[in-house]
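# Geometric and topological summary
Letter by letter, the chains look like this.
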Amino acid sequence: MTSALDRLDEQDLLDLSVGCTVLAGGGGGDPRIGVLMALGAIRRTGPVPLVALDDLDPDDLVIPAGMIGAPTVMVEKIPHGREGDVIRAAYEARLGRPVAALMPMEMGGINGVLPVAWAAIAGLPLVDGDLMGRAFPELQMCTPHLYDIPVSPLVVVDERSQVMTFETMDNIWGERLARNAVSRLGGCACAGLYPMDARTAATPMLAGTVSRAVHIGRTIRQAGDDPFRALDDTVGLYPLLTGKVLDVDRRTAGGFVRGSAVIEGTEKDAGRLVRLEFQNENLVAMEDGEALATVPDIITLLDRHTAHGIVTEHIRYGQRVVIGVFRAPDQWRSERGLATVGPRAFGYDIDYVPVEDRHARVG
Amino acid sequence: MPGSVDLRIGIDVGGTNTDAVVLDAANTLLAKYKTPTTPDLTSGIHAALEAVLGQVDQPIERITHVMLGTTHATNAILERRDLLRVGVLRIGAPATISIPPFSDWPDDLRDAVSAGEAIVPGGCEVTGEPIVPFVPEEVARFCEKVKGTAQALAISAVFSPVSGDHEQQAEQIAREILGPDIPISLSQGIGALGLLERENACILNAALVGVAHKVVHGLREALARNGIDPVAFLTQNDGTLMGLDYVLRFPVLTIGSGPANSMRGACFLADVTDAVVVDVGGTSSDVGMLLNGFPRESSTPTDIGGVRTNFRMPDLVAIAVGGGTKVAGTPGAVMVGPESVGYRLRQEALIFGGSTPTLSDAAVAGGRAAFGDAAALAGREELLAAALTRADELVAVATDQIKTARGPIPLVAVGGGSVILPDEIAGVAEIIRPENYDVANAIGAAIASVSGQVDKVFKLAGRDRQEVLDLACGAARDEAISAGADPRAVEIVEVEEIPMAYLTEPVVRIRVKAAGPLSQM
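Since the structure is predicted, the reported quantities are computational estimates derived from the model, not experimental observations.

### Describing helix H2 (residues 32-45) of chain A
Residue and element names in this part refer to chain A. For H2, built from 14 residues, the straight-helix expectation of 20 Å at 1.5 Å per residue is met to within 8% by its first-to-last C-alpha distance of 20 Å. Of all the positions in H2, only Ile33, Gly34, Val35, Leu36, Met37, Ala38, Leu39, Ala41 and Ile42 are classed as buried. A positive backbone phi angle near 90° is found at Gly46, which sits one or two residues after H2.

### Let's talk about the domain arrangement of chain B
Residue and element names in this part refer to chain B. Assigned domains within chain B: domain 1 (85-182) and domain 2 (449-516). Domain 1 and domain 2 are separated by 28 Å when their C-alpha centres are compared. On the side of domain 2, 6 residues touch domain 1, which itself brings 5 residues to the contact. When the buried surface of domain 1 facing domain 2 is broken down by residue, Val126, Thr127 and Pro161 rank first, second and third, together holding 77% of it. Along the contact surface separating domain 1 from domain 2 lie 0 salt bridges. The interface formed by domain 1 and domain 2 contains 0 residue pairs in polar contact (both at pLDDT 80 or more). Considering only residue class, the side of domain 1 that touches domain 2 consists of 4 nonpolar, 1 polar and no charged.

### Details of a nonpolar patch on the surface
Residues Met169, Trp173 and Leu177 of chain A make up a contiguous nonpolar surface patch of roughly 330 Å² in combined accessible area. Mapped onto the elements, Trp173 of chain A comes out in helix H6 (residues 171-184).

### Comments concerning the pairing of strand E6 (residues 114-121) of chain B
All names here are of chain B. Most of E6 is tucked away: 6 of the 8 residues are buried. With 6 bridges connecting them, strand E5 (residues 86-93) and E6 associate as parallel partners. Residue Arg90 lies in a different strand from E6, and its bridge partner there is Ile119. After leaving E5, the chain enters helix H3 (residues 107-113) and then returns to the sheet as E6, a path that is right-handed.

### Digging into the domain arrangement of chain A
All names here are of chain A. In terms of domains, chain A is made up of domain 1 (7-209) and domain 2 (226-357). At the interface, 35 residues of domain 1 touch 29 residues of domain 2. Note on domain 1 versus domain 2: buried area summed over both sides is about 2500 Å², and carbon and sulfur give 61% of it. The three residues of domain 1 that bury the most area against domain 2 are Val22, Arg134 and Leu146, which together make up 24% of that side's buried surface. At the junction of domain 1 and domain 2, the tally comes to 1 salt bridge. Put simply, Asp148 and Arg336 hold a salt bridge, and the shortest N to O gap is 2.9 Å.

### As for the packing of aromatic side chains
Counted under the stated rule, the structure contains 5 aromatic pairs over all chains. Consider the rings of Tyr246 of chain B and Phe250 of chain B, whose centres lie 4.9 Å apart with planes at 55°: the pair is tilted. Relative accessible area serves as the criterion here: at 30%, Tyr246 of chain B is assigned to the partly exposed category. Residue class for Phe250 of chain B comes out buried when judged on its relative accessible area of 9%. A connected cluster of aromatic rings, assembled from ring pairs, spans Phe136, Trp332 and Phe346 of chain A.

### Topic: unusual backbone geometry
Residue and element names in this part refer to chain B. Here the amide bond leading from Ala93 into Pro94 is cis, since omega sits at 5°, within 30 degrees of zero. Looking at the secondary structure, you find Pro94 in the loop between E5 and H3. Residues Gly337 and Pro338 are joined by a peptide bond in cis, for which omega reads 0°. The residue Pro338 is located in strand E18 (residues 333-340) in this model.

### Some points on the packing of H2 of chain A against helix H5 (residues 114-122) of chain A
Residue and element names in this part refer to chain A. Between H2 and H5, the shortest axis-to-axis distance is 8 Å and the interhelical angle comes to 25°. One way to sum up the angle between H2 and H5 is to call them roughly parallel. Between H2 and H5 the crossing geometry is left-handed. Between H2 and H5, the residues in contact are Gly34, Met37, Ala38, Ala41, Ile42, Arg44 and Thr45 and Leu114, Val116, Ala117, Trp118, Ala120 and Ile121, respectively. Considering only residue class, the contact of H2 with H5 consists of 10 nonpolar, 2 polar and 1 charged.

### Regarding the UniProt feature "domain: Hydantoinase/oxoprolinase N-terminal" (unreviewed entry) in chain B
In the UniProt entry, the feature "domain: Hydantoinase/oxoprolinase N-terminal" (unreviewed entry) is given for residues 8-177 of chain B. Split by type, residues 8-177 of chain B is 31% helix and 30% strand. Its first and last C-alpha atoms lie 44 Å apart.

### A closer look at the sheet that holds strand E8 (residues 184-186) of chain B
All names here are of chain B. The 4 strands lie next to each other as E6-E5-E7-E8, forming an open sheet whose pairing is parallel. Bordering the open sheet on either side are E6 and E8, each of which pairs with just one other strand. Within the sheet, the average angular offset between the axes of one strand and its neighbour, ignoring direction, is 15°. Both E5 and strand E7 (residues 152-157) contribute to a ladder of 6 bridges, which runs parallel. Note on E7: the bridge partner recorded for Arg90 is Ser156. Contacts from helix H4 (residues 136-146) reach E5, E6 and E7, with the element oriented near 170° to E6. Contacts between helix H5 (residues 165-178) and the sheet are confined to E5, E7 and E8, with E7 contributing the most and set at about 155° to the helix.

Calculation criteria
- Residues numbered from 1 in each chain as written.
- Chains lettered and ligands numbered in written order.
- Predicted model: local features only at pLDDT ≥ 70, side-chain atom pairs only at ≥ 80, totals over all residues.
- Heavy atoms only, no water.
- Helix = DSSP H or I, 4+ residues; strand = E, 2+ residues; numbered from the N terminus.
- Expected span 1.5 Å × (residues − 1).
- Buried < 20%, exposed > 50% of the residue type's maximum accessible area, 1.4 Å probe, protein only.
- Domains from an automatic or database assignment.
- Contact = heavy atoms within 4.5 Å.
- Buried area = accessible area lost by both parts, 1.4 Å probe.
- Salt bridge = Lys/Arg side-chain N within 4 Å of Asp/Glu carboxyl O.
- Polar contact = N/O pair within 3.5 Å; in protein donor to acceptor, adjacent residues only side chain to side chain.
- Nonpolar A, V, L, I, M, F, W, Y, C, P; charged D, E, K, R; others polar.
- Patch = residues over 30% accessible without salt bridge, like charges linked within 9 Å, V, L, I, M, F, W, Y side chains within 5 Å.
- Areas by Shrake-Rupley, 256 points an atom, 1.4 Å probe, with all protein chains shown as cover.
- Pairing = 2+ DSSP bridges.
- Right-handed = clockwise from strand over helix to strand, strands pointing away.
- Phe/Tyr/Trp six-rings, centres within 6.5 Å; stacked < 30°, edge-to-face > 60°.
- Axes fitted to C-alpha atoms, helices over the stretch in contact; angles between N-to-C directions.
- Parallel < 35°, antiparallel > 145°, perpendicular 65-115°, else oblique.
- Left-handed = near helix turned anticlockwise from the far one by under 90°.
- UniProt positions renumbered as here; feature names shortened; annotations may be inferred.

Dropping the structure here:
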C-alpha cells in the first residue's frame with residue numbers, strides 16, 4: 001500500500017493524470033482538459049488539500065463529482081470551471097447543510113483530475129478516494145449502489161450553469177434520466193451524485209485511490225528503463241500481451257462507443273492475436289475464443305515505451321502496446337459487485353475469473 | 001498554363017542551405033544544386049534555379065512545375081522571429097473560460113505572438129445549435145482593443161468544424177473595424193476537433209502569414225527573374241502539395257513539410273520502404289520512421305515549438321543537432337544548441353574563419369568530415385570532442401524513440417549536415433548514405449503528390465454509415481482533384497471514423513484523406 005498524500009501540487013497533478021490513464025481501463029477520456037483546468041486553478045489557489053474520511057466529522061457532507069457524457073465533446077466544449085461551486089450550491093440549497101468536501105466519482109481518465117480543479121476553485125478539500133477505483137460507463141456502477149445508497153439527489157449542471165436535480169426511484173433511473181439530460185445538453189455535462197455524510201461514505205468508498213493514482217504516475221515518471229516492472233512493484237501488473245494494434249473498430253450503439261481492437265503479438269508474444277472489446281472502457285480480452293481477462297479487472301492498453309495508458313478514442317493502428325491487467329477493487333469482486341459490473345452486466349455470457357488465477361505478474 | 005507534367009523543379013529552402021533538383025516525368029534526376037540559404041530568400045531561390053536550369057540541356061519552356069519545400073515557418077516559430085502579433089479571439093463563453101488561450105504555451109513564444117486575447121459568448125454544440133447567443137458587440141469591443149497592436153487575428157469557436165457561423169460573423173465584424181488587409185485566420189479551416197489544439201494551430205497560422213508572404217513573394221520573384229512561368233506549389237506537412245494562394249491563407253500547413261519531403265526523398269533515393277530516416281540540416285535534425293514508403297504519422301497531437309496542435313504530421317523526434325548548431329560551455333559541461341548559426345555557417349564556423357564553435361567544426365575535428373580549415377580548431381579539440389559525443393547521444397536516443405521494432409533496422413542519413421553523424425548507432429543495422437543524400441528534401445518535394453482532406457462531424461440523420469462515409473470520401477477526392485490531382489489516379493489513402501459517445505442521435509466524426517499524382521491532363 002502506498003502512503004497517502006495530504007495535498008496535491010502541480011507535479012502531483014501531472015502524476016495523477018498519468019495514473020488515471022492507467023487505471024481508466026481505456027475509458028474516462030483523455031485527462032488533459034482536466035489537467036489544464038486544475039493547473040490553472042492551483043496556480044491561483046495553491047495546492048488542494050487531500051483528506052481522508054477520518055479527517056472529517058462523521059456528519060460532514062461529501063459530494064462525489066465528475067463529468068458525464070462524451071469526453072470527445074468536452075475537448076471542444078470545455079467546462080467554465082465553476083461547476084464545483086454550482087454543484088455545491090445546488091446541494092446546499094437542497095439539503096440545507098454545507099458541503100464539506102468533494103470527491104472524484106471515478107479514478108480514471110478526466111474524472112480523476114477534474115474534481116481537483118473544482119475543489120481548488122470552490123475552496124474545498126478533496127477526499128482521497130472514489131466510487132469506482134477505475135472508470136466505468138454508467139452511474140449505477142459506483143460502489144454505493146452495492147449498499148443501496150441512493151444516487152439521488154443527483155445534480156447535473158452544464159457550462160451555462162443550468163442545474164437539474166433528479167430524485168429517482170432507483171439508481172438505474174438516475175443513470176437513464178441523467179444520460180437523457182446530458183444528451184440534450186450537448187453530449188457532456190458535470191454531475192454531483194451519491195451525496196453522503198462521511199459516516200455513510202466510509203463503507204462503499206474506495207479509500208486512498210487519489211494517492212494511489214499519483215503514486216502510479218510518479219512511479220512511471222521515475223522508472224527509467226523498465227516502467228512495467230516498476231508498475232508491477234507499485235500496483236501489481238498482469239501483462240497479457242506485448243504487441244501492436246492491428247485493427248480498431250469503433251461504433252456508437254446505445255449512446256456509448258462500442259467496438260474492438262485487435263492486438264498482434266510481437267517480441268516474445270509473436271504469433272498471438274488478442275481482441276479487446278470495449279464499451280468506453282475495455283470489457284474483455286479474448287484469444288482464440290477464450291476470455292483472457294474480463295471486467296471488473298482493469299484492462300488497459302499501455303504504451304509499450306512510456307507505460308502510459310491509452311484511452312479508447314486514441315487507439316490507432318500501429319501503436320506499440322502492452323495489454324496490462326490490474327486487479328479490480330475487492331468490492332467489485334463480490335457477488336453483488338459482479339452482478340453490477342461483471343462480464344454478464346455487459347452482456348457477455350462468461351464467468352469472471354480473477355486475473356491472478358490465470359496470469360502471472362511481471363516479476 | 002502548361003498542359004502536362006514534363007520537367008519538374010524541386011526546391012528545398014532550409015535554415016542553412018537551399019537545394020534544387022530537376023526531375024523528368026520518369027523521375028530521373030537531371031540536375032542538382034546546393035547553395036547557402038541567403039537572408040534574402042529571393043536571391044537564394046534565384047541562384048538555385050539559375051544553377052539547375054543551367055545544368056539542364058533543355059529549353060526552359062519544358063519546366064512545367066516547381067515545388068518548393070521550406071522550413072521557414074518551423075524555424076520562425078522555433079526561433080521566435082518574423083512572427084506577426086496576433087489578437088486571439090475565442091468564441092465559447094461561458095464554456096471554455098477555465099482554460100484561456102495560450103494556457104499551454106511557452107512564455108517567450110506567447111510574449112512574441114500575443115497581442116491580447118478574449119473569450120466572448122457563442123460557439124455551438126456538437127449538433128450545430130448555438131450554445132448561447134453570439135454577441136457581436138463583444139467581438140467589436142475586442143477588435144477595438146487590439147486595433148493598432150494586432151497584426152493578425154486568430155478566431156476560434158467551439159465546435160466550428162461542425163458549424164462555422166460564429167467564426168465567420170466575427171471575421172466580418174473584425175474586417176469592418178480592422179480593415180480589409182489584416183490577415184484573419186479561422187480555426188474551422190485549419191485544425192480538427194479539439195478546441196485548444198485547433199486554436200493553437202490557428203494562432204500559429206495567423207502569426208506565420210508574414211513569413212508566408214515572404215516565401216511566396218520570394219518564389220514568384222525568383223521564377224520571374226529566371227523567365228519561367230511554371231505551376232508553383234509549396235509542399236505541406238503530409239508531403240503533398242498546396243497552391244500559392246492556399247499557402248498565404250494556411251501557412252501553418254507548411255510546418256513539417258521539410259521532414260515529410262526528406263523522408264519521401266530518402267525512401268526514393270535509398271530504395272528502402274522501412275527505415276529510420278535522420279535528416280540533418282543546419283539548425284536541427286529530424287528523426288522519423290519510414291513505413292511502406294511513407295512517413296509514419298504521429299498518433300498523438302504534435303508539439304510545434306512547445307505548442308500542442310492537432311495536425312496530422314510525420315511522427316518525428318526533432319533534436320537541436322545540425323551542422324550549424326552552436327557549441328558552448330566547457331569540455332566537462334558542454335552545451336550543444338539549441339541555437340544555430342543557420343545560414344551564416346560559412347561566415348561564423350571556426351573552420352570557415354569565424355569565431356563560433358559549431359557541430360560542423362566538431363565533425364571536422366573528429367575526422368568525420370573534411371572541409372574548411374581544420375587548423376582553425378587548434379586548442380578547442382576537447383570541447384568539440386565532448387560536443388560530438390553529446391550530439392551522438394542525442395541522435396541515438398531519438399533513433400531509439402522513433403523505432404517501432406526492437407531489432408536493428410536500417411537508417412537512412414540524409415541532409416547536408418548528415419556528415420556529422422557517426423558510422424555506428426546503437427540498434428541500427430546499417431547506415432545508408434545514399435547518393436544525392438544532400439538534396440533528399442528537394443527530391444521529395446519534386447515527387448510529391450496532391451491531396452485533399454475532409455475532417456468533419458456528420459449527423460447520420462437517417463442515413464446509414466456507408467452513405468455518410470461515401471459522402472466524405474467523395475468530398476476529399478473532389479478536393480484533391482481541384483488541387484490538381486489526376487482524377488483517374490486519386491486514391492483514398494486514409495479513413496478514420498470516431499463515433500461520439502452519449503448522444504441519442506448518432507453523430508460521427510470522419511477524417512478522410514485522398515491523394516494522387518499531379519494530373520497529366
